[in-house]
Amino acid sequence: MSLVFCGPAVALYGGFVGTETERNQRNWTASVTAIASPSSSSDVVTSRSVGVTLDGFTIRNGRYGVYVYYGTATVINCVVSGNSSYGVYVNYGTATVST
């Protein structure tokens, strides 16, 4: 089970207050956008697709914070914490992780 399941070429951005008119106006450290699992047996974000981007989120409390399965993902400006197995788990895919 996954809380967020990403399809091909999906880009998700967090860190917005709601008054921004441009993506570069957001502040992901000051305006926390959290994706949290209610259970440590669930994956928080799953990508089985190519070209997925997660930018500016706090991802926590799941089994895997981000699970990349036969896909590609870019995880940037994210805080991944409190997951019971791995923060980012890649199985037959690739992930680029940076801040």
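See the structure above.
Note that the structure is a prediction, hence the values are computed from the model and not measured.

1. Quick notes on the nonpolar core
Counting residues in each nonpolar core, the largest one holds 13 residues, and the members touching the most others are Val45, Leu54, Ile59, Val66 and Cys78. Listing elements by their share of this core, those giving two or more residues are β4 (43-47), β5 (52-55), β7 (64-69) and β8 (72-76). Beyond its immediate stretch of four places on either side in the chain, Val45 contacts Ser2, Val4, Cys6, Ile35, Leu54, Ile59, Gly65, Val66 and Tyr67.

2. Looking at the sheet that holds strand β10 (residues 86-91)
The four strands are arranged β1-β4-β7-β10 in an open sheet whose pairing can be described as parallel. The outermost strands of the open sheet, each flanked by one partner alone, are β1 (2-6) and β10. Neighbouring strand axes in the sheet, compared pairwise and without regard to direction, differ in orientation by 15° on average. Taken together, the five bridges between β7 and β10 define a ladder with parallel strand orientation. When the sheet's bridge partners are listed, Tyr64 is paired in β10 with Tyr86.

3. Overview of the sheet that holds β5
Spatially, the four strands line up as an open sheet ordered β2-β5-β8-β11, and their pairing is parallel. Either end of the sheet is taken by a strand with one partner, and the two such strands are β2 (11-13) and β11 (94-98). Across the sheet, the mean angle from the axis of one strand to that of its neighbour is 10°, orientation sign disregarded. Examined bridge by bridge, β5 and β8 share four bridges and lie parallel to one another. Bridge pairing in β8 places Asp55 opposite Ile76.

4. Let's talk about the packing of aromatic side chains
Counted under the stated rule, the structure contains eight aromatic pairs. Here Tyr70 and Tyr92 contribute two aromatic rings whose centre-to-centre distance is 5.0 Å and whose plane-to-plane angle is 15°, an arrangement assigned as stacked. Here Tyr70, found in the loop between β7 and β8, pairs with Tyr92, found in the loop between β10 and β11; they are 22 residues apart in sequence, far enough to count as distant. In this structure an aromatic cluster arises from ring pairing among Tyr64, Tyr67, Tyr69, Tyr70, Tyr86, Tyr89 and Tyr92. Sitting over the face of the ring of Tyr13, Arg23 holds its NZ or CZ atom 4.1 Å from the ring centroid.

5. Notes on the environment of Gly71
By secondary structure assignment, the location of Gly71 is in the loop between β7 and β8. Sequence separation between Gly71 and Ala95 is 24 residues, and the spatial gap between their C-alpha atoms is 8.3 Å. Setting aside residues up to four positions removed in sequence, Gly71 forms contacts with Arg48, Ser49, Tyr92, Gly93 and Thr94.

About the thresholds
Every chain is numbered on its own, with residues counted from 1 as its sequence reads. Selection of residues for local features in this predicted model requires a pLDDT of at least 70, selection of side-chain atom pairs for listing and counting requires 80 or more, and totals for whole chains, interfaces and linings are taken over all residues. Values reported for side chains reflect all heavy atoms of the structure, with hydrogen atoms and water molecules removed beforehand. What is meant by a nonpolar core is a set of buried Ala, Val, Leu, Ile, Met, Phe, Trp, Tyr and Cys residues, joined one to another through side-chain atoms within 4.5 Å. Throughout this description, buried means an accessible area under 20% of the type-specific maximum (1.4 Å probe, protein chains only), exposed means over 50%, and partly exposed covers the range between. In this description a helix means any DSSP run of H or I spanning at least four residues, a strand means any run of E spanning at least two, and both kinds are numbered starting from the N terminus. We call two residues contacting when some pair of their heavy atoms lies within 4.5 Å. Any two strands between which DSSP finds at least two bridges are classified as paired. Axes, fitted as lines to C-alpha atoms, cover a helix only where it is in contact. Angles between the N-to-C directions of the axes lie from 0 to 180 degrees. Stacked, edge-to-face and tilted are the three classes for Phe, Tyr and Trp ring pairs, Trp counted by its six-membered ring, which pair at centre distances within 6.5 Å; planes under 30 degrees apart are stacked, over 60 edge-to-face, the rest tilted. Our definition puts a charge over a ring when NZ of Lys or CZ of Arg is within 6 Å of the ring centre and also within 35 degrees of the ring normal.

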